[in-house]
Structure formats: structure tokens, C-alpha cells
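Chain by chain, the residues run as shown.
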Amino acid sequence: QVQLVESGGGLVQAGGSLRLSCAASGGTFSTYFMAWFRQAPGKEREFVAVITRSAGSAYYANSVKGRFTISRDNAKNTVDLQMNSLQPEDTAVYYCASKSPGGSLYLAKEYVYWGQGTQVTVSS
């Protein structure tokens, strides 16, 4: 059983930055793909970014490409999301998630383990 705990959310003005962190325990962290998803009020949970097990590759939603950066530290069992140039439309609860190899990297239903989420609010 993998436990994921996010931190780092908060309130920021448009154009500002935040860094989210996710700490994992249980399981073997380096064997999982790690991703960030977000869910805004009244909307479905959507893919934000994913990083491969060795951190060799990362993939992003078009809406965040060039502004967000996902990274991981397999020695510390952590995955981070650096968010720059934040906009009001980035306001959502952000979730850390993990999955084993196989299946789509971009679909929430493919991810087995989820954190409790951290709120990010961007004011205009």
C-alpha cells in the first residue's frame, strides 16, 4: 500500500509561483510513474504532468507546458511540481498520483494511489 501526502498549496496572485511536493511511503517508489492531476469546482479531474520512473522523461498537459515542471527524487521518495506564471484558471485542488507500468499515463482511472489533494488558488 502506497501513501501519498501533498503539501505546498496556497493562495497566490496571478503571475506568481508555487511549488507543490508529494511525499510517498510504502511500496517501492522508483517503480512507479508519478503524476499530478487537478480538479476545479464543477469539473472533472484532469491530467497536469507525469514523470517516468527514472525521471528520464516528463510529459505535460498543453495548458501548463512551459510553465510547470515536474521532478522526482527517488532517494527521498518525493515528487514536486514547480508552477510558474500561475493564472486564475490554474485554481484547483492538485493531486499526486502513482501507477505501475502499463496503460495510459494521462487517464486518472489508470492511477491506483492518490493523495488527499492540496488547494491552489490564484487570484486575478
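Residues numbered from 1 in each chain as written. Predicted model: local features only at pLDDT ≥ 70, side-chain atom pairs only at ≥ 80, totals over all residues. Heavy atoms only, no water.

K.L.:
Could you clarify how one ought to interpret the side chain of Glu6 in this entry?
P.N.:
Its location among the elements puts Glu6 in strand β1 (residues 3-7). We note that Glu6 is buried and unpaired, the nearest opposite charge coming from Arg45 at a distance of 7.5 Å. Polar contacts involving the side chain of Glu6 include one to the main-chain amide nitrogen of Cys96, which spans 2.8 Å. A distance of 3.0 Å separates a polar atom in the side chain of Glu6 from the backbone nitrogen of Gln116. Residues within four places of Glu6 in sequence aside, it is in contact with Ser21, Cys22, Trp36, Tyr94, Tyr95, Cys96, Gly115, Gln116, Gly117 and Thr118. (Helix = DSSP H or I, 4+ residues; strand = E, 2+ residues; numbered from the N terminus. Buried < 20%, exposed > 50% of the residue type's maximum accessible area, 1.4 Å probe, protein only. Lys, Arg positive; Asp, Glu negative; His and termini not counted. Salt bridge = Lys/Arg side-chain N within 4 Å of Asp/Glu carboxyl O. Polar contact = N/O pair within 3.5 Å; in protein donor to acceptor, adjacent residues only side chain to side chain. Contact = heavy atoms within 4.5 Å.)

K.L.:
Help me understand the state of the cysteines, please; the structure alone is not making it clear to me.
P.N.:
Between two cysteines, a covalent bond joining their sulfur atoms is known as a disulfide. Tallying each qualifying case throughout the model produces 1 disulfide. In this model, Cys22 is linked to Cys96 through a disulfide, with the two sulfur atoms separated by 2.2 Å. The disulfide joining Cys22 to Cys96 has a torsion of about -75° about its S-S bond and is therefore left-handed. Separated by 74 residues along the polypeptide, Cys22 in strand β3 (residues 18-25) and Cys96 in strand β9 (residues 92-99) bring together distant segments of the chain. (Disulfide = S-S within 2.5 Å.)

K.L.:
What am I meant to see in unusual backbone geometry here?
P.N.:
Across the chain, the bulk of peptide bonds are trans and the bulk of non-glycine residues have phi less than zero. Positive phi is not limited to glycine here, since Ala55 has a value of about 65°. Since its relative accessible area comes to 37%, Ala55 is described here as partly exposed. The residue Ser85 is not glycine, and still its phi comes out positive at about 50°. Note that Ser85 resides in the loop between β8 (78-83) and β9.

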